[in-house]
Structure formats: C-alpha cells, structure tokens
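A look at the structure
For reference, the chains in residue letters:
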Amino acid sequence: MFLPCLFTALVVFVVVSPASTFAAMADDPLQSPQWTDIRDRYLGADKVVFDPRVAVSGPKIAEDSMNVPVSVKISGLVDVRRVLVVADLNPIVKVLEFSSKGALPSLHFRMKLQQGSPVRAMAQTGDGVWHVGGIWIDASGGGCTAPSVGRSAAGWTETLGQVQSRVWQNETQSRVKLNIMHPMDTGLAPGIPAFYIERLSLQDAAGREWMTLDTFEPVSENPVFSFDFSGPPPAGLTLVGRDNNGNRINARVVK
Amino acid sequence: MSAALLRNLAGSAFLALFLGVGFYVPQVRAGSLDYQLAPRLVAEDTWVLIGKREDFSRSNGGNIVNTAFVVTTDGVVVIDSGPSRLYAEQMRSAIARITPKPVIRVFNTHHHPDHFLGNQVFADVSTTALAETIAGQRREGGAFADNVYRLSGDWIKGTEPVAARDPVGPGTLLIGDHRFELIALSGHTEGDLVIRDLGTGVLFAGDLVFHNRAPTTPHASISQWLAALDRLDAITYRTMVPGHGEPVSDGRAVEQTRRYLRWIESALLQAAERGEEMSEVLGLELPKEFAEIPLAREEFARSVAHLYRGYEATTLRHRR
C-alpha cells in the first residue's frame, strides 16, 4: 500500500523538483532532500549555521522504532533561547521544542521513527541565528503508525498522567529523570485519534520556570525525559503540564 | 493528499533510493542464491549445518544459524528449519544427498525467525515445538518474515511464516533407534526447547547457548536465561550444539554465555542506578573478553533497546 504511493510521489517529485533543492542539499551534512523544506517551514529566513556545539546522539539503528533514545547536548554556545527537534522523514516532523530557563541546554528523550531519518536539534541564540546539529538514525519502520502498546492493556486510563521521577547529583551537576504515563497516540494508527502531551514545565517552589517543553506526537509512549542542571536542582521542583485533551499533569519531583 | 505531504513522501522516496535504504535491491545474479550448506558429522547419525557468525544480510541470506538433523532407522529428525523457504529446500536436498530416508519430524527450538521460517517446506511432516514457541510464531511470524526480507532480500522470496503444528512438553520421545529427551526451558525466549539424544550424547541447546557470537535478547528474561544455563550445567552430554557458533564438547560455550549475560545485567543495572540515559549507555565500554566477539557492539546496542527501560523503571519513584 505504502510503496506504490511513494513511487507515484517520486515521479511527481522528479518532474517538478527545482534544481535549487539539490544545491541546498549539498549544504546539509546529512544530505537530506527535505532540508530546504524543514528550514523554510521552521526557521524561515533566519540565518542558519551547522554547528558541532549542538550535539545529537542516539543509536545508528533504531532497534525499537517506538522508543528511539535521543540526547541533545549543547555546550559552548551562549544565550540559547529555544531548541527545536525534528525528524526530517517522519510523517510528523516536529518532535518537540524546549527552552532552558536555568536548566542546562540539554535534553534526553525517546521518540518514534517511522523510517530511517535525520534527527536534528536546531538551537536559536539571542542574536536570532539557528545552530543546527543532527545525526542519521536508520529504522525498520512502523514507529508512528502502530497503536500505542498500552492501549491493549486494560486500565491505562487509571495511570494516565502519573509521574515517576528521581534526582541524581554529583559534585558539579544534577539530573532529573521523569517518566510520565501517557499513550502519546499519533493519530496515524487507524481509528485512534491523536492524544498526546503538548506542554510540560519544570517549576520550583516559587513557581519559577526552569525548563519548558512543547511536545508532539512523535514523542514515545509513557515518555521518559532527563533534564540536567549545573549544581543541585532547584528546591521544590514540580512538573506541570497538560495534554491535547485538557488532562492536567502536576507532580512533585521525587529526590 | 496535500502538496506538502506529497513533497514529503517524494523526498522520502528519493532519499531512500539514493541511499539504498528500505528498498529492495536485487541480487547480482539469478541462480547464485546457494547457501552452500555442508552438513558436518558431529556424532553417529548426527549432522550439523553451521551458520555464519553474522547478522542477517543480503550476502548471507540469513545463513547465520546452526540447524541439524539426525538420521534414525525410521527417518530423519530435523532440528530447526532455518531462515527461509530457500534454506529449507536446500537443507532437504543436502539431507537427500546423505540418506534416502524421508524427513519425518521437525523440531523448532524457539520462535525466532532463523529457526523456523523454513517450516513451510516441511508441510508434509510433523512440525513440533513448545506451546509458548507456537504462540510466538503465530504472533510474530509475519513481522519476522517482513523484517528478514528487508535484511536479506531475494533469499527470503516466497517465505511464509508457518507455525509448528504439534505442541510438545518435556519428556522422552523414541523415534526409530534414537531416544530423545525434550527439556523445556525459557530465558532466551518464552519457550526454549533443548533436545538431548540419549544414545549419542548430543545436546542441541538452541539459542540458550551462543558460542563466540554475541547473544541476542529481543525476547529475553536474563534471570530465567541464567537459571536455564544452570540447568544445562547439570546435564551430561558428549557434544553440545549451540544455536550459533561452533559445537563444543565441554561447558565453555555455556560459561561464555553466562558471563556475558551476567555482565550485561550488572552493567545496565548499574548504569540505570547512576541515572544514565539510554543514548549514553550505548557508548558503554565492553569488557575485552566480549568486545572481540563478533557482533558484540551491535548486539549490545540492541540489548540496550530491549532491556534498559526495565532496569531504569526500578530506579524511578512515585511521590509518596
């Protein structure tokens, strides 16, 4: 079903594709033909540089395309305002967006990959420039169009929005790891509408935000996130959020 | 279909073609698909077809597994049917070159594709496996066949997943002049059948034992697997045929598998207790004794995907 559709599309693409697509592809270290589209759609006319200080890491091959572990670590780049994470060839390209407001500009998460794709982090600094890093992750497919696993188990509604957490700390840094129970349905599995967490915020006891996330359908079911802080984590850290159906998340982080 | 989606798909198709990813690439020559199966006599009446210590690829066609057959007075008993229809056809030819006796029974040691996707070639005889194995074959056979086709291409053409027909439990079974002990274990998968030929002393260990080939863990329970290895230690045998790697006459392959499983369990648990993320654990250094085993790095990465979330879950807490 899927392949004939691709081949049809391929013919159209070859006929109408402007030569500029290929020129732009040459700039992209990952050589993705989608790069110009991604840039136009998410970064507009802003200045863009490929920057090794924006480091993305993950497996070469996604063994489990429903849970592909990805880390974004940005070091040596000052005044990072926001970071977009995209997978060029996913049916839903945008994975998440985060802003560190005191947490280190890094994030660890797991995502769904429908097929092999570049996975990129695009970090905008205060001067408006986008710094882009990424890797290629191969995948056998099916990560986005399969129903969530928890749907087949009774009682998933009872744990919806529950949060487990833990804090680790050494001399220089700390890490907060969170697991949120949620199906994160993409809407691409037949008969199951999109149902996903769309907003998360880490707040301290005074209500100050230390990290905010906008999350989208490709984030894995029952997502796990890790956030890193320089020094100990802020006191009284709480995770606040909501999904696209208006369900609230509110959980004190357990040390 | 919107223009944007069309462009998206077009880009995907182009890139996939460009990189040769996810698309069928024909084999170089038709007629060159010869697994070159060479049965090796390891005991009286007992032949083993040794697979390469590799992962599925378009060059090996999935000949990465050990299969075996025992020639009894009543007929031939096959242990595991291989990764494809073509493999099993060539296996039957290889058997026919050694004995005129018919194949009368096929055992599947467990439900992984390299051990049972040849079953369709044995539709005329009893195909036998543990009930857990048959359930797994029915549940996952289709996905396995698709995946093996993606990895090995033409070799897999025409392969249909056929679950074993006849469930079996532990006990002894007399076939011709050979008495087999069937031992039902688990750990590599939910059902791991070990077969001991009580006459020749050959133990067919299936994938509970890997020898100089990194163990695979997609359906593993490490604790059950370690318990199964302890059971194997208590069994006497003259020759052990592991699921992957060279046969041995002592416990060294069991010990190697055990050491690897113990290491992976403690390494992943300790990493989880340090708060490491999956993407970070992928970079963990392998001990020297395992780093040199073929596919160690690749299988370790796969095992992180299979196992790490389970260990990680034990480190996280609910608010009280």
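Residues numbered from 1 in each chain as written. Chains lettered and ligands numbered in written order. Predicted model: local features only at pLDDT ≥ 70, side-chain atom pairs only at ≥ 80, totals over all residues. Heavy atoms only, no water.

What to know about the overall build of chain A
Secondary structure summary: chain A contains four helices and 16 strands in total. Across the 255 residues that make up chain A, the buried fraction comes to 56%. Taking all contacts inside chain A whose residues are at least 6 apart in sequence as the whole, residues at least 24 apart take part in 66%. When the accessible area of chain A is evaluated, it comes to approximately 10,600 Å², of which 55% is carbon and sulfur surface. (Helix = DSSP H or I, 4+ residues; strand = E, 2+ residues; numbered from the N terminus. Buried < 20%, exposed > 50% of the residue type's maximum accessible area, 1.4 Å probe, protein only. Contact = heavy atoms within 4.5 Å. Areas by Shrake-Rupley, 256 points an atom, 1.4 Å probe, with all protein chains shown as cover.)

Focus on the overall build of chain B
What chain B contains, in helices and strands, is nine helices and 13 strands. The buried share among the 320 residues of chain B stands at 57%. Long-range pairs, those at least 24 residues apart, make up 68% of the contacts in chain B with a sequence separation of at least 6. Here chain B has roughly 13,200 Å² of accessible surface; of this, 51% comes from carbon and sulfur atoms.

Describing the sheet that holds strand E3 (residues 67–71) of chain B
Residue and element names in this part refer to chain B. As summarised here, the arrangement of the seven strands in space is E1-E2-E3-E4-E5-E6-E7, forming an open sheet in which the pairing is mixed. Edge positions in the open sheet fall to strand E1 (40–43) and strand E7 (166–167), since each of these has one partner strand only. The pairing of strand E2 (residues 46–49) with E3 spans four bridges and is classified as antiparallel. Paired with Val 48 across the strands is Ala 68, a residue of E3. On the sheet, helix H2 (residues 85–98) packs against E2, E3, strand E4 (76–79) and strand E5 (103–107) and is oriented at approximately 30 degrees with respect to E3. (Pairing = 2+ DSSP bridges. Axes fitted to C-alpha atoms, helices over the stretch in contact; angles between N-to-C directions.)

Topic: the sheet that holds strand E9 (residues 178–185) of chain B
Residue and element names in this part refer to chain B. Spatially, E8-E9-E10-E11-E12 is the arrangement adopted by the five strands of the open sheet, whose pairing is mixed. In this open sheet, the two edge strands, each paired with only one partner strand, are strand E8 (171–175) and strand E12 (239–244). Strand-to-strand twist in this sheet, taken as the mean axis angle between neighbours without regard to direction, amounts to 30 degrees. Where E9 and strand E10 (residues 192–197) come together, six bridges link them in antiparallel fashion. Bridging across to E10, Phe 180 finds its partner in Asp 197.

Topic: the side chain of Asn 63 of chain B
All names here are of chain B. Topologically, Asn 63 is positioned in the loop between E2 and E3. Asn 63 gets classed as buried once you look at its relative accessible area, which sits at 5%. There is a polar contact of 3.5 Å between the side chain of Asn 63 and the backbone oxygen of Tyr 35. (Polar contact = N/O pair within 3.5 Å; in protein donor to acceptor, adjacent residues only side chain to side chain.)

Let's talk about the pattern of salt bridges
Counted under the stated rule, the structure contains 32 salt bridges over all chains. Note that Asp 88 of chain A and Arg 120 of chain A form a salt bridge whose closest N and O atoms lie 2.7 Å from each other. Taken together, the positions of Asp 88 of chain A in the loop between strand E5 (80–87) and strand E6 (94–100) and Arg 120 of chain A in strand E8 (residues 117–125) put the pair 32 residues apart, joining distant regions of the chain. Classification of Asp 88 of chain A by relative accessible area gives buried; the value is 0%. For Arg 110 of chain A, the salt bridge identified is with Glu 312 of chain B, shortest N-O distance 2.9 Å. In this pair, Arg 110 of chain A is assigned in strand E7 (residues 106–111) and Glu 312 of chain B in helix H9 (residues 296–313), connecting two distinct chains. (Salt bridge = Lys/Arg side-chain N within 4 Å of Asp/Glu carboxyl O.)

Things to note about unusual backbone geometry
One non-glycine residue with positive phi stands out, namely Gln 31 of chain A, at about 55 degrees. Within the secondary structure layout, Gln 31 of chain A lies in the loop between helix H2 (19–27) and helix H3 (35–43). Positive phi values are uncommon outside glycine, yet Asp 80 of chain B reaches one of about 75 degrees. Considering the arrangement of structural elements, one finds Asp 80 of chain B in the loop between E4 and H2.

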